[in-house]
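Here are the chains, one letter per residue:
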Amino acid sequence: MDCKNISYWFISYLAILTLFSKDLVSSFPSGNNYNGYNNGHGYGLTSNLDYRFYDRSCPRLQMIIRSGVWRAFKDDSRIAASLLRLHFHDCFVNGCDGSILLNDSEDFKGEKNARPNRNSVRGFEVIEDIKSDIESSCPLTVSCADIVALAAREAVVVTGGPFWPVPLGRRDSLTASEQAANTNLPSPFEPLENITAKFVTLGLDLKDVVVLSGAHTIGFAQCFVFKHRLFNFKGSGQPDPNLAASSSLLSKLKDTCPNVDSSDSKLAALDAASSVKFDNAYYVNLMNNIGLLDSDQTLMSDPTAAALVKSYSENPYLFSRDFAVSMVKMGNVGVMTGSDGVIRAKCGFPG
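Residues numbered from 1 in each chain as written. Predicted model: local features only at pLDDT ≥ 70, side-chain atom pairs only at ≥ 80, totals over all residues. Heavy atoms only, no water.

1. Here we look at the packing of aromatic side chains
Consideration 1: Under the counting rule described, the total for this entry stands at 13 aromatic pairs.
Consideration 2: A centroid spacing of 4.4 Å and a plane angle of 20° characterise the contact between F88 and F92, whose relative ring orientation is stacked.
Consideration 3: On the accessibility criterion, F88 (17% relative accessible area) is buried.
Consideration 4: The class for F92 is buried, based on a relative accessible area of 1%. (Phe/Tyr/Trp six-rings, centres within 6.5 Å; stacked < 30°, edge-to-face > 60°. Buried < 20%, exposed > 50% of the residue type's maximum accessible area, 1.4 Å probe, protein only.)

Following this line, the structure appears as structure tokens:
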């Protein structure tokens, strides 16, 4: 597709979404009817968000974010997966409050340099650029947490995935926690039981684990995360038998990630079939035992999770629907609303 056609497509895409996005809200429960959950630690789901929160105070908000994500995606197709991951990593650490965006300060060590995020999580500049554009139109009105949630949705849409209405009205936190990020974020090296437990703590469940793992249909992983599966799986000195069964994939991964320390930061597609297209190929890969990460392929070890994987591998529309629902559910985790928190002028600073 040439630049002229891309521009024409995008203008049409913006017009269609602007026309129909409000109608799509009726497919989802209203903010006031959202079933809430709280685990006693201030996390969990809340019912105080509203799909039309900024309709009067910042009517161009969604268009501004949509345009900002598209500009970033044109320059770097990897940014879509990065923005989606940014939202996930924000919500799993003390709720969806924009804390992941905060720089370190004299009062706290932030989340940017926590082990799961260091030299890994990206997209901060994109969010700041979007925030700057929004401040020009609607000063001190829109939270950074809401920008992250909307940018994640647009990142999915721009890669061909589903659109869903995002409940809004989150407030930004004044602090962040490196320790909480190190503790709360699921690791690709953890067993499924541990990962599921971290989801359950936030009011999510095993289905959400399977559905949200489908975000790995786009994006890349650093070699150090999965290299043990290529050369020394579980101390055997041999590749993981699942990957070894696909000799072409194994050979390609070994070429990308040779067994030397200097390859640790190199990148391989999480879904080699369609790394910049949001589809259900991730689940097809799992059915063929060629999921890239341990935490991906381990979904097939649980009968309930494996049944969901099978369903999504066969029905992309079911996956798209359930993914949208789980994203709304995750986006309600531990949010602050009303007079709690703040609206930051710049997302990297609490004041």
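2. Considerations on the confidence of the model for the protein
Consideration 1: Looking at the protein as a whole, the pLDDT averages 89, with 86% of positions reaching at least 70.
Consideration 2: Confidence over residues 1-27 falls short of pLDDT 50; this stretch has 27 contacts with residues more than four positions distant or in other chains.
Consideration 3: Contacts from residues 29-44, a stretch scored under 50 in pLDDT, to residues over four places away or in other chains number 35 contacts. (pLDDT = per-residue confidence, 0-100. Contact = heavy atoms within 4.5 Å.)

3. Structural notes on the packing of helix α7 (residues 192-201) against helix α8 (residues 206-213)
Consideration 1: Between α7 and α8, the least distance of the axes is 9 Å, while the angle of their chain directions is 105°. Judged on the interaxial angle alone, α8 and α7 are roughly perpendicular. Residues L192, I195, T196 and F199 of α7 form the contact with α8, whose participating residues are L206, D208, V209 and L212.
Consideration 2: The class makeup of the residues in the contact of α7 with α8 is six nonpolar, one polar and one charged. (Axes fitted to C-alpha atoms, helices over the stretch in contact; angles between N-to-C directions. Helix = DSSP H or I, 4+ residues; strand = E, 2+ residues; numbered from the N terminus. Parallel < 35°, antiparallel > 145°, perpendicular 65-115°, else oblique. Nonpolar A, V, L, I, M, F, W, Y, C, P; charged D, E, K, R; others polar.)

4. A word on the state of the cysteines
Consideration 1: Under the definition given, this model contains four disulfides.
Consideration 2: Paired through a disulfide, C144 and C347 show a sulfur-sulfur distance of 2.1 Å. Taking the sign of the S-S torsion, -95° for the link of C144 and C347, the bridge is left-handed. In this pair, C144 sits in helix α5 (residues 144-158) while C347 sits in the segment after α16 (316-331), placing the two residues 203 residues apart along the sequence.
Consideration 3: A residue is classified by how much of its surface remains accessible, and C144, at 0% relative accessible area, is buried.
Consideration 4: C347 sits in the buried class, given a relative accessible area of 0%.
Consideration 5: The disulfide partner of C223 is C257, and the S-S distance across this bridge is 2.0 Å. Because the sign of the S-S torsion sets the handedness, a value of about -65° for the bond joining C223 and C257 places this disulfide among the left-handed ones. In this pair, C223 is assigned in helix α9 (residues 223-226) and C257 in the loop between α12 (247-256) and β2 (267-269), connecting sequence segments 34 residues apart. (Disulfide = S-S within 2.5 Å.)

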